[in-house]
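A closer look at the structure
Here's the letter readout for the chains.
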Amino acid sequence: MRLDRLVVTDFRNIARAELQPAPRLTVLCGANGQGKTNLLEAIWLLTGGKSFRGARDAELIRRGAEFSVLEAQFSADGRDQQARLTVGAKGTQKPGRTVRLNGADRGRAASIAGTFTAVVFDPNHLSLVKGGPEGRRRFLDAALCQLYPGYLAASRRYLRVVAQKNALLKAYDITPGGDVLLETYNEALAGYGSEVMRRRAEYLTRLAPAAEANYRDISRGAETLELRYCPCCEPGSPEHLAAKLREMRSAELRAGFCLTGPHREDLDILIDGQPGKIYGSQGQQRSAVLSMKLAEASVAGEVLGEHPVMLLDDVLSELDDARQTYLLTRIEDKQTFVTTCDSAAFARTNGRLVFVEGGSVKE
Ligand SMILES: Nc1ncnc2c1ncn2[C@@H]1O[C@H](COP(=O)(O)OP(=O)(O)OP(=O)(O)O)[C@@H](O)[C@H]1O
Ligand SMILES: [Mg+2]
């Protein structure tokens, strides 16, 4: 996957900017508030996804304008393609996000998901290490949804039955036939849940070694990262999960809600053998998340046959010189965009340096 040209009009603080990215590393350099993250966000929108900052359409359109337009030329699927994405304000002729792909009207921007793919690191992703298990499950699920179309359905069905079972457990004593209903729910949970667990386990056998190798490289072999899936029981077969649910039956009745299953699992992130959340320094935590994100991209590349573009926002802060140099020089073979406030970055990178100032782009 390679972005060859991007023209941005009336997007965020950018009136008009033309970006000619390098095939490998492009460093977007500029002071705070100049439009670096805005440019990454524009590239990300071409994936058909929501804004990684969770922004609404009105926030994306430059104040005072009615439409934002993103015109991109990229190479995907072995050929050159063009996308034109518009974000229209409410009340205009074309409100919301719509897209034309290779000249054909494709309606909603989400309809082209999978055409142009990217993986983004934004500082909020540090919660992967610092935050609770929910964020780590979301990371796994989001990656799996992109790789396997059936995963979203299995995980949604599973969560729906969890909600139904929770309602039953709460009112178990006053529900006639509650025991039969509970059996039915547990059977459904074992089916959908084991599918979710099988995919997660499979995914981690690919993700973990890649992330661990990235961490070794970033730390120049000085430290180790270890990712360990903590399943609620042996993953893979509905029987194992069914047995676990039977084992937990009376405890769940006492508690009044579901106590076990993939919706309560976690992923241990160990730095030098210790939990990264508790013992990791800021730079180590950042390096760990970055290693995981780069690994996410390479697994997606293996599964989908094309390596996604990497968008690394504000990834250099808190990293020491050696780690920064690694990022500014070593990420070579996959197209990568890195933002930085460090005006001396030019001396340390072999990538293409682009200056961003007041929403304009200068090389
Ligand atoms: N819809 C909009 N219209 C006009 N300006 C906007 C809009 N949305 C955001 N901005 C402006 O864009 C600027 C922020 O740009 P951006 O987040 O890309 O900065 P940055 O270069 O990444 O800075 P930092 O180094 O601090 O992360 C802010 O000044 C903000 O006011
Ligand atoms: Mg920024």
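Residues numbered from 1 in each chain as written. Chains lettered and ligands numbered in written order. Predicted model: local features only at pLDDT ≥ 70, side-chain atom pairs only at ≥ 80, totals over all residues. Heavy atoms only, no water.

It is worth spelling out the pattern of salt bridges at this point. Inspection of the entire model under this criterion finds 26 salt bridges. A salt bridge links Arg206 to Glu302, with the shortest nitrogen-to-oxygen separation between them at 3.1 Å. Here Arg206 is found in helix H6 (residues 178-218), whereas its partner Glu302 is found in helix H10 (residues 282-304), with 96 residues between them in sequence. Between Lys362 and Glu357 there is a salt bridge whose closest N-O contact spans 3.2 Å. (Salt bridge = Lys/Arg side-chain N within 4 Å of Asp/Glu carboxyl O. Helix = DSSP H or I, 4+ residues; strand = E, 2+ residues; numbered from the N terminus.)

As a rule of thumb, nonpolar side chains are buried together in soluble globular proteins. Formed by 66 residues in total, the largest nonpolar core has its most connected members in Leu227, Leu312 and Leu327. A total of 14 residues in this core trace back to one element, the largest contributor, which is H6. Residues lining this core come from more than one domain, with at least three contributed by each of domain 1 (2-117 + 306-362) and domain 2 (126-279). (Core = buried A, V, L, I, M, F, W, Y, C linked by side-chain atoms within 4.5 Å. Buried < 20%, exposed > 50% of the residue type's maximum accessible area, 1.4 Å probe, protein only. Domains from an automatic or database assignment.)

Before going further, it helps to spend a moment on the layout of surface pockets. Its volume calculated, the largest pocket comes out at about 1500 Å³. Looking at the largest pocket, it is lined by 42 residues, and the ones nearest its centre are Arg138, Asp141, Ala142, Ala143 and Gln146. Every element with two or more residues in the lining of the largest pocket is listed here: strand E8 (118-121), helix H3 (127-130), helix H4 (133-147), helix H5 (149-170), H6 and H10. Within the lining of the largest pocket, the residues separate by chemical class into 19 nonpolar, 13 polar and 10 charged. Two domains each donate at least three residues to the lining of the largest pocket, and these are domain 1 (2-117 + 306-362) and domain 2 (126-279). By volume, the second largest pocket is sized at about 250 Å³. The wall of the second largest pocket is formed by 15 residues, among which Gly33, Lys36, Thr37, Arg53 and Asp313 lie closest to the centre. Among the elements of the structure, helix H1 (36-45) and strand E13 (336-340) are those that each provide at least two residues to the lining of the second largest pocket. Of all the elements, H1 adds the most residues to the lining of the second largest pocket, at three residues. (1 Å grid on protein atoms, 1.4 Å probe; cavity = no way out; pocket = protein on both sides within 12 Å on 5 of 7 lines; lining within 4 Å. Points joined across faces, edges and corners; volume = space filled by probe spheres on them. Nonpolar A, V, L, I, M, F, W, Y, C, P; charged D, E, K, R; others polar.)

Attention now moves to the state of the cysteines. Taken as a whole, this structure holds zero disulfides when the rule is applied. Between Cys341, a free cysteine, and Cys29, which holds the nearest cysteine sulfur, the sulfur-to-sulfur gap is 8.1 Å. (Disulfide = S-S within 2.5 Å.)

The subject of this paragraph is the domain arrangement of the protein chain. As assigned here, the protein chain comprises domain 1 (2-117 + 306-362) and domain 2 (126-279). Each of domain 1 and domain 2 was reduced to a C-alpha centroid, and the two centroids are 33 Å apart. With four residues of domain 1 at the contact, the number on the domain 2 side is six residues. On the domain 1 side of the contact with domain 2, Ala322, Arg323 and Tyr326 bury the most area, a combined 78% of that side's loss. Applying the counting criterion to the domain 1 and domain 2 interface returns one salt bridge. (Contact = heavy atoms within 4.5 Å. Buried area = accessible area lost by both parts, 1.4 Å probe.)

Moving on, we come to the site of ligand 1. If you check the shell around ligand 1, you find 16 residues, and the closest are Gly33, Lys36, Thr37, Asn38 and Glu59. A distance of 3.1 Å separates an oxygen atom of ligand 1 from a polar atom in the backbone of Gln34. Between ligand 1 and Gly35, the relevant distance is 3.0 Å, taken from an oxygen atom to a main-chain nitrogen or oxygen of the residue. Considering ligand 1 on its own, with 660 Å² of exposed area, one finds that the protein chains cover 73% of that surface. One can see that ligand 1 is located within the second largest pocket. In terms of residue count, H1 provides more of the shell around ligand 1 than any other element does, three residues in total. For the shell around ligand 1, a count of residues per class yields three nonpolar, seven polar and six charged. (Near = heavy atom within 4 Å. Polar contact = N/O pair within 3.5 Å; in protein donor to acceptor, adjacent residues only side chain to side chain. Areas by Shrake-Rupley, 256 points an atom, 1.4 Å probe, with all protein chains shown as cover. Sits in = over half its atoms within 2 Å of the grid points.)

The subject of this paragraph is the sheet that holds strand E7 (residues 104-108). What the six strands build is an open sheet, ordered E2-E1-E4-E5-E6-E7; its pairing is antiparallel. Of all the strands in the sheet, just strand E2 (14-19) and E7 have a single pairing partner and so form its edges. With strand direction ignored, the average angle separating the axes of adjacent strands in the sheet is 15°. Two elements, strand E6 (residues 96-101) and E7, share three bridges in a ladder whose sense is antiparallel. Among the inter-strand pairings, Arg100 is bridged to a residue of E7, identified as Asp105. Running at roughly 115° to strand E1 (residues 2-11), H1 makes contact with E1, E2, strand E4 (67-76), strand E5 (79-88) and E6 of the sheet. (Pairing = 2+ DSSP bridges. Axes fitted to C-alpha atoms, helices over the stretch in contact; angles between N-to-C directions.)

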